[in-house]
Structure formats: structure tokens, C-alpha cells
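# Commentary on secondary and tertiary structure
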Amino acid sequence: MNRSSFSISGEEFARLADYIYRRTGIFYDENKRYYVEKRVFDRMKATGHEKFRDYFLYLRCDASGQEFQRLVNALTVNETYFFREYDQLKCFAEEALPEMLKGGCGRERPLRVWSAGCSTGEEAYTLAIILLEMLDSDGFGFEVHATDINDEVLQQAEKGVYEQRSVREVPSVYLEKYFVPVYGKYCLKPVVKEKVRFYQVNLLDRAQMQKMRGFDAIFCRNVLIYFDDRARREVALSFYESLRPGGFIFLGHSESMSRIAPIFRVRKFKNAIIYQK
Ligand SMILES: C[S@@+](CC[C@H](N)C(=O)[O-])C[C@H]1O[C@@H](n2cnc3c(N)ncnc32)[C@H](O)[C@@H]1O
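Please read all numbers here as calculations on a predicted model, not as lab measurements.

Analysis parameters
- Residues numbered from 1 in each chain as written.
- Predicted model: local features only at pLDDT ≥ 70, side-chain atom pairs only at ≥ 80, totals over all residues.
- Helix = DSSP H or I, 4+ residues; strand = E, 2+ residues; numbered from the N terminus.
- Near = placed C-beta within 6 Å.
- Nonpolar A, V, L, I, M, F, W, Y, C, P; charged D, E, K, R; others polar.
- Domains from an automatic or database assignment.
- Buried ≥ 20, exposed ≤ 12 C-beta atoms within 10 Å, placed from the backbone.
- Pairing = 2+ DSSP bridges.
- Axes fitted to C-alpha atoms, helices over the stretch in contact; angles between N-to-C directions.
- Contact = placed C-beta atoms within 7 Å.
- Core = buried A, V, L, I, M, F, W, Y, C linked by C-beta atoms within 7 Å.
- Parallel < 35°, antiparallel > 145°, perpendicular 65-115°, else oblique.
- Expected span 1.5 Å × (residues − 1).
- Arc of directions from axis to C-beta.
- Right-handed = clockwise from strand over helix to strand, strands pointing away.

Phi at S119 takes a positive value of approximately 55°, unusual for a residue other than glycine. The residue S119 is located in the loop between β1 (111-116) and α6 (122-134) in this model.

Here the focus is the site of the ligand. As a structural note, the neighbourhood of the ligand is formed by 24 residues, with T76, T80, G117, S119 and I149 the closest of them. Looking at the shell around the ligand, its residues break down into 9 nonpolar, 10 polar and 5 charged. When residues are assigned to domains, the shell around the ligand turns out to be shared by domain 1 (3-75) and domain 2 (86-276), each giving three or more.

With that settled, consider the pairing of β1. Of all 6 residues in β1, 6 are buried; the element is thus mostly enclosed. In β1, alternate side chains face the same way, and those of L111, V113 and S115 on one face and R112, W114 and A116 on the other are all buried.

What follows covers the sheet that holds strand β8 (residues 243-251). Judged by pairing direction, the sheet is mixed, and its 7 strands sit side by side in the order β6-β2-β1-β7-β8-β10-β9 without closing on themselves. With one partner strand each, in any of the chains shown, β6 (196-200) and β9 (265-268) form the two edges of the open sheet. Averaged over all adjacent pairs, the angle separating strand axes in this sheet is 25°, with direction ignored. Of the strand pairs in this sheet, β9 and strand β10 (residues 273-276) are connected by 4 bridges, and their pairing is antiparallel. Its bridge partner being in β10, K268 is matched across the sheet by I273. Against the sheet, helix α5 (residues 86-102) engages β1, β7 (215-220), β8 and β10, with an angle of about 165° to β7.

Turning next to the nonpolar core. Counting residues in each nonpolar core, the largest one holds 73 residues, and the members touching the most others are A128, A217, I218, C220 and I249. Ranked by residues supplied to this core, first place goes to α6 with 7 residues. Residue-level mapping places this core at the junction of two domains, with at least three residues from each of domain 1 (3-75) and domain 2 (86-276). Here C220 is in contact with A116, G117, F239, I249 and L251, once residues within four sequence places are set aside.

This part is about the packing of helix α2 (residues 33-47) against helix α3 (residues 52-61). With their axes 10 Å apart at the nearest point, α2 and α3 run at an angle of 80° to one another. It follows from the interaxial angle that α2 and α3 lie roughly perpendicular. Of the residues in α3, those touching α2 at R43, M44 and T47 are F52, Y55 and Y58. Here the contact of α2 with α3 is built from residues that sort into 4 nonpolar, 1 polar and 1 charged.

Domain assignment breaks the protein chain into domain 1 (3-75) and domain 2 (86-276). Computed from C-alpha atoms alone, the centre-to-centre distance between domain 1 and domain 2 is 30 Å. Each side of the interface is counted separately: domain 1 has 8 residues, and domain 2 has 12 residues. When residues of the side of domain 1 that touches domain 2 are traced back to their parent elements, those giving at least two are α1 (10-24) and α4 (66-75).

What follows concerns the environment of I8. Mapped onto the elements of the fold, I8 is located in the segment before α1. Along the backbone, I8 and F41 are 33 residues apart, and their C-alpha atoms lie at a distance of 9.6 Å. What I8 contacts, discounting residues up to four positions off in sequence, is F13, E37 and F52.

The subject of this paragraph is helix α11 (residues 229-242). Spanning 14 residues, α11 covers 20 Å between terminal C-alpha atoms, matching the ideal 20 Å at 1.5 Å per step. Buried residues of α11: A231, R232, V235, A236, F239 and S242, and no others. The buried residues of α11 occupy an angular sector of 135° when the element is viewed end-on, so they sit on one face. Among the exposed residues of α11, those pointing more than 90 degrees away from its buried face are D229, R230 and E241.

On to α4, then. The set of residues buried in α4 consists of L71, V72 and L75. Summarising the axial view, the buried residues of α4 lie within an arc of 100°, below the 170-degree limit, and thus occupy one face. Packed against the buried residues of α4 are α1, α2 and α3.

A word on the pairing of β7. Burial of β7 is extensive: 6 of the 6 residues sit out of reach of the surface. Sheet topology note: the β1/β7 ladder contains 3 bridges and is parallel. By the bridge assignment, S115 is partnered in β7 with F219. Pairing of β7 with β8 involves 5 bridges; the strand directions are parallel. Following the sheet pairing, C220 is matched in β8 by L251. Note on the crossover from β7 through α11 to β8: the handedness is right-handed.

Printed below as a string of C-alpha cells:
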């Protein structure tokens, strides 16, 4: 079997897309058929399956969940970099954070921030750097939780070692202060790494989501763009439960919560629009 002669029928694609959607919220329409087919082909080769029908059965019957995990790892889009969407981060640091601190968090209890769909960790470590800059010298405490469905990116994130393209937007003063250059790569210093806890959470898994409680801010940027409205709504309502009263949710700049979950208040700050419980 070679890639050029391999294709799956419309009906097979629809069944596979529905299976992935129900388990992850990630929605593939016909336009994404080539993208999905290519990754399925690679998994079929890796697992020694010649026919899609056999592979699909194997995928569904694998009680360990390992093959599904590998397929998800191959399918997810993990593009990210440090200090992505700088204006919104500025809004977090200069406008939302002072409001959160007024509520007593930081001193009486740690401020808790969650990077949901953290990929290889750049967003979570960016938040840790910002919070170290804004809080630590005042003796405030904070935790950054970072989760993803893809277990390979989480392993990479834990290493805290990055290529130049990941750090291209890091202000030079922070690059010098928080990274060590080693053979052309950038290694995060322990002071940042120890502030972030990485673990696996599927945003569509109700049991896992019920354990995510007591957050002051959630960053879920460039994740829900791969979902359809029904799945977005389900995740948004879970986030509502995960936030403390007054907690904030930060989405990517092209994303909006108003239509899918009007339960959140819209806050228009100087640098960004964010949503509040
Ligand atoms: C494009 S990256 C976004 C990374 C980062 N938030 C940013 O904005 O730079 C999207 C991430 O969402 C994750 N993801 C997709 N579906 C998910 C789900 N159901 N549960 C948890 N994470 C998911 C993917 O694995 C991927 O790492």
C-alpha cells in the first residue's frame, strides 16, 4: 500500500470523523479529508494494517486507548510560541491581575491560572514569567496548571527546551533572565519550570473536567477553533464551573464566547476583550 493509492470512502471518513469528534470535540468536515487521511495512513502503516476497515476496528477495540492516543497526537495542531498575542497578555498583567489580587488571592492563597490546551508549554511558561515579574518580589504565591489532550507535547513541555522560533517574541530582557542558551537551543531556568505543572486533560472528558476547580484565570487560546459550536459550548460551561466567582477566561483574538456561552460577562479592557464569571 502506498500513500498515493490510499483513500477512504466518504462514508468511512464520516464515521471516523464522528468517532473523533465525540471523544475530543475536534470537528473535521470534508475539507479536512486529505489532512485526516494522511495521518490515518501513517498510523495504519505503523500498526501493520492494510485496510482502513481493519484499522478502524482495531482503533475502537483497543481497550488500552493507546492507539487512539497516538492518532490524536498525530491529528492535533500544536502551533504555539512564547508571548503569543502580546496585547492580551498585557491586559492580563496590567488590567485583570490587579482585579484578581484585590480579591485577596496571592497573599491569603495562591493565585491559580490554567493554560488549557497548552501544547508544548510556551503559553504556560509565558504566564509563569509574567507572574514572576508581577508578583514574586512582593511575596505573592501562584500556580500555573497546564494541560493538553496530546501526551507527546506534554512530555516535550516538561523538558522546557525550545528552538529559536519558539522564543522569537520573548523580550530580550526576559530571554536573558529566564533562559540559558545551550547549543543553539533555549533552556528554561528552574525558577520558571518549577512554577508550572503539566498533566493530561481532555476538555471533553467530563470526569477530568470536574476535577479542575478553583481557578482565577483560564487561558484557552487557539484550541476551540478546532471544535464545533456544540463542543465549544460544552467546554465553555465546564470552564464556568472551573472558575472562581469573578474569574477570567482568555480566548484567542479571533474567538468569542458571547454567542456560545452568554453566561459570561464581556469585559472590554484597554488592550483586549476578555470574559468573566
Ligand atoms: C494550536 S495549540 C494552542 C496552544 C496555545 N494555547 C497557544 O495559543 O499558543 C492547540 C492545542 O489544543 C490541544 N487540544 C485539542 N483538542 C483538545 C481537547 N479536546 N482537550 C485538550 N486539549 C486539546 C491540542 O493538542 C493542541 O496542543
